[in-house]
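Reading the structure
The primary structure of each chain is shown beneath.
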Amino acid sequence: MAQHQVNYLKDGGLPVALTTIDKVVNWGRSNSIWALTYGLACCGIEMMASGASRYDFDRFGTIFRASPRQAELMVVAGTLTKKHAEFIRRLYDQMTEPKWVISMGSCANTGGMFNTYATVQGVDRVIPVDLYLPGCAPRPETLQYAVLLLQQKIRRESASRAQKPKRLM
Amino acid sequence: MQQANRLRPFFENITFDRADNELILNFGPQHPSAHGQLRLMLHLQQEQITKAYPDIGYLHRGMEKMAENMIYNEFMPTTDRMDYIASSSNNYGFALAVEKLIGLEVPRRAKVIRMMLLETNRLMSHLFWLATTALDIGAMTVFLFAFREREYLMDLIEDYCGARLTHAAVRIGGVPLDLPDNFIADLRKFLDKLPENIKDYEDLLDTNRIWLMRMENVGVISKEMAQSWGCSGVMLRASGVEWDIRKEEPYELYDEVDFNVPVSDKGDNYARYKLYMAEMRESAKILYQVLDMYEGTGPELMAHAPQYISAPKIDIMTQNYSLMQHFVLVTQGMRPPVGEVYVATESPKGELGYYINSQGGAYPYRLKLRAPSFWHTGILSDLLPGHYIPDVVSIIGTTNIVFGEVDR
Amino acid sequence: MRAYTPKDDVQKKPYYTDRYWVAPQVAKSDVSEDAVFAADFEAIKAKFDVLDAYIQVGQMVIVINAADNFGVIELMKNELAYNQLSELSAIDWLAQEGKFEIFYQMLSMSKRKRVRVKCKISEKESIQSVEKLFRSADWSEREMYDMFGVVVNNHPFMKRILMPDDWEGFPLRKTYPLQGDEFAQWYEVDKLFGKEAREIIGPEIRDSARVDRYDTERFARLGHEVPRGADISQGEPDTPLCYQENEGVFMIEKFDAEKSVVISDRDR
Ligand code: SF4
């Protein structure tokens, strides 16, 4: 799980001094988040819907890419099973820094309704997560709001330093 | 924690470089056009596939085990997550199986509403199939068009049950709610526009050179192969077998409505595409008839069987005995008679069957979900050899598999 | 005294069952009541031992000896026009009688009839594959092996299908708990990070009713964000939902609820 403070602006300032360069880089970064398609189950359908006609993700600069090398955001949409766990970690490792993870849906957050032998009880056991979306399945609006929140988060980070290692649970 | 990464998956033991010039290609489990978590091990001679091993189970969530640990009503929302593109048809299959087990007759209005749900779900599923398959083949426009219509249907379903994707809109013994006020008018409006929309897709695809090249004479399934692999639904009908459970073993009101079962004997991708389009038109036809049926039905929504089904809310609130019954049914669950039942329904993907073995307890002793996609994935191992790499995507597309259903 | 839980069946049980309650039965009728089934039954009976046969919920059920399974299915396919094997799986009766029950759900499209063929084998026995007759049995038998550990003879590729190859245990047996044994619970951690990481990552949280409302170390509630680790047991301040920082972002228009239009016609 990510070590991040929330609402920095309100509660005692920023973690690092942001320079103009940071701002410019972050501005670009935050407005062109390319997400890795990681539709695992039902939530993946809602993720597709948010990229399709009515919800139209492109207007936020978010484009789904199929290759981890081109992506900086991983939207884990759906149930992660024990059999799949090694692959999600592998793809996460293949993504280039800086990278963020949104865990979409109760299954990805905590295992959700599948409290069984075959389901990983939350992707944060395997990869660090920045944002959790509740819902089964979360509506496309929820995912879009999450991306907007993530944009705000990116704009508050230092752009030049390597990302702080995020910790798991 | 990041440093300790000791990934050694199994396929790293495979020699990818072999003396006989055979290449082994790993496809998936996270491939954008695999429609979920399908992993294929493909043996290639140049671009041609010589052997294919589908590997499934990446979405195995243990639903059958869950069913053994849940009371019957509790399991209903879990069935949503099987074929999550057309959730209500799963709900319905389960409800029907339990109703057959306890021998219930559902009130007519509930039947009409269920028919509406089933057919709107079929439309949603076929539209989604069209969208994703077209996207895989590169027809982005069709994807956007089809999703536009699908969103409209999802809105309708949301009006009815409050959920877009995971409906749980059917209960054992009936349906929980009556239709909202303008549901019928809205649905009619949609259906009036549907032929136009379908024509749009067909204009874009039917004579499209690329579409034809990737679809025609690709992925030909013979009649024998389809039957031997237990195919059902469009996969079977495209191979020339006229078998639609709605027609042959009618359930609900399918014996009262008039519709055709489109069949083709080509067996290739294009035939399947054509059948999906034709089925959408048939669904619209059924829906028109069902919409007319709604008017003449009584207000009953749930079957009356105090031993198994809770009384209507108004009774629970006002009558002591109904309240007690409800309490027992919710906390302990209904106890169907001892026996077993296998009920097949025609879901948008094919024959969706529920086998329930009840030992008279509140929990099913064994519940087997017979999901059509499981065999439609299995057939890939026989179907793919001989084809070329680009055909893999279009074949997976037209088999219309959903991994919630394959792996359960 | 702790309540006794049987070890051979760890599935959930209702918390209360009336002592005098007798479960009703789903009606079984005689095979002779349906002409098609009766003819099929006679044809099978002429060649094989039939232990039991009846019609239940519109389908014929035939119980045979496990050794005859290939022969019966072959007869049904070739002579009785049962052209699809829709389903094949097992039921675990190990606790009651030490046996698995295997059922074959057959469908005849020309007759529009469904028949369920059943047989029983003990835990150590194996059964003949029907994959030669129906390709669909290929995957079903693998699934049966995966879930129950029923070994199938003459199968071309007897490996696990749904669970990973290195999985231990057979999940659908009644002795297997719903939430998995120790191997299952640590599977992904062991595999990815090694056993030594178990302590760092910690056990799975399986209690779905667990609510840690005041955990500000790891979670912030949307609209109520507070600094990390703050004590919120006395309530937390509201933070209005915002799509953007207050000062705005360069070149990106700020969402204004007042100026936005609500589309009422959904057909747009
Ligand atoms: S959270 Fe719900 S909708 Fe999402 S993958 Fe899990 S079960 Fe499906």
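Computed from a predicted model, the values in this text were never measured in an experiment. (Residues numbered from 1 in each chain as written. Chains lettered and ligands numbered in written order. Predicted model: local features only at pLDDT ≥ 70, side-chain atom pairs only at ≥ 80, totals over all residues. Heavy atoms only, no water.)

**Quick notes on the overall build of chain C**
Cut-off, in case you're wondering: Going along the chain from the N terminus, every DSSP run of H or I of four or more residues is numbered as a helix, and every run of E of two or more is numbered as a strand. Radius of gyration: C-alpha atoms only; globule rule: 2.2 Å multiplied by the number of residues to the exponent 0.38. Relative accessibility decides the category of a residue: with a 1.4 Å probe and only protein chains considered, values under 20% of the type maximum give buried, values over 50% give exposed, and everything between is partly exposed. In what follows, residue pairs with any heavy atoms lying within 4.5 Å of each other are defined as contacts. Computed by Shrake-Rupley with a 1.4 Å probe, the accessible areas treat only the displayed protein chains as cover when residues are assessed.
Helices and strands together make up the secondary structure of chain C, namely seven helices and eight strands. At 29 Å, chain C has a C-alpha radius of gyration far larger than the 18 Å of a compact globule built from 268 residues. Counting only C-alpha atoms and orienting by the principal axes, one finds that chain C spans roughly 85 × 60 × 50 Å. Within the span of chain C, comprising 268 residues, buried residues form 46% of the whole. Taking the contacts inside chain C whose residues are at least 6 apart along the sequence as the reference set, 44% of them involve residues at least 24 apart. As presented, chain C carries roughly 14,700 Å² of accessible surface, and 51% of it is formed by carbon and sulfur atoms.

**Brief notes about the pairing of strand β6 (residues 113-122) of chain C**
Residues and elements named next belong to chain C. Our working rule: When DSSP finds two or more bridges between two strands, those strands count as paired.
Among the 10 residues that make up β6, eight are buried, leaving the element largely enclosed by the rest of the structure. Alignment of strand β3 (residues 59-64) against β6, held across four bridges, turns out to be parallel. Along β6, the bridge assignment pairs Val63 with Lys118. Hairpin connection, strand β5 (residues 99-108) to β6: the antiparallel pair is bridged by four residues, and Arg112 has positive phi, about 55°.

**Some words on the domain arrangement of chain C**
Applied cut-off: Domain boundaries shown here were taken from an automatic or database domain assignment.
Under the domain assignment used here, chain C contains domain 1 (28-165) and domain 2 (211-244). Here domain 1 of chain C and domain 2 of chain C have C-alpha centroids that lie 58 Å from each other.

**Digging into the interface of chain B and chain A**
Formally: Accessible surface is computed with a 1.4 Å probe, and the buried area is the amount of it that two parts give up when combined, taken over both parts together. We define a salt bridge as a side-chain nitrogen of Lys or Arg found within 4 Å of a carboxyl oxygen belonging to Asp or Glu. The term polar contact refers here to a pair of N or O atoms within 3.5 Å; inside protein, the definition further demands a hydrogen-donor-capable atom paired with an acceptor-capable atom, and it admits residues adjacent in sequence only when both atoms are side-chain atoms.
Opposite the 43 residues of chain B that make contact, chain A presents 38 residues. Interface area, chain B with chain A, both sides summed: about 3,600 Å², of which 61% is carbon and sulfur. Our enumeration of links across chain B and chain A arrives at five salt bridges. Residue A:Arg139 is joined to B:Glu158 by a salt bridge in which the shortest nitrogen-to-oxygen separation is 2.7 Å. Joining chain B to chain A, the criterion identifies 15 residue pairs in polar contact (both at pLDDT 80 or more). Among the elements of the structure, α1 (63-68), α2 (72-80), α4 (108-137) and α5 (140-161) of chain B are those that each provide at least two residues to the side of chain B that touches chain A.

**Section: the state of the cysteines**
Here a disulfide denotes a covalent bond joining the sulfur atom of one cysteine to the sulfur atom of another. The test is simple: What counts as a disulfide here is a pair of cysteine sulfur atoms lying within 2.5 Å.
Enumeration according to the criterion identifies zero disulfides over all chains in this entry. Cysteine B:Cys161 is unpaired, with the sulfur of A:Cys136 as its nearest cysteine sulfur at 13 Å.

**A few points about the site of the ligand**
Residue and element names in this part refer to chain A. As a reminder, the rule being used: Whether a residue is near a molecule or strand depends on its heavy atoms: if one lies within 4 Å, it is near. Gly counts as polar in this scheme, as do all residues outside two lists: the nonpolar Ala, Val, Leu, Ile, Met, Phe, Trp, Tyr, Cys and Pro, and the charged Asp, Glu, Lys and Arg.
Among the 13 residues in the neighbourhood of the ligand, the closest are listed as Cys42, Cys43, Ser106, Cys107 and Cys136. When contributions to the shell around the ligand are tallied by element, the ones reaching two or more residues are α2 (42-51) and α4 (106-110). Grouping the constituent residues of the shell around the ligand by class yields seven nonpolar, five polar and one charged.

**A closer look at unusual backbone geometry**
Note the cis peptide between A:Cys136 and A:Ala137, where omega equals -10°. Along the polypeptide, A:Ala137 turns up in the loop between β5 (131-133) and α5 (140-155). Positive phi values are uncommon outside glycine, yet B:Ala168 reaches one of about 45°. A positive phi angle is found at C:Ala81, which is not glycine, with a value near 65°.

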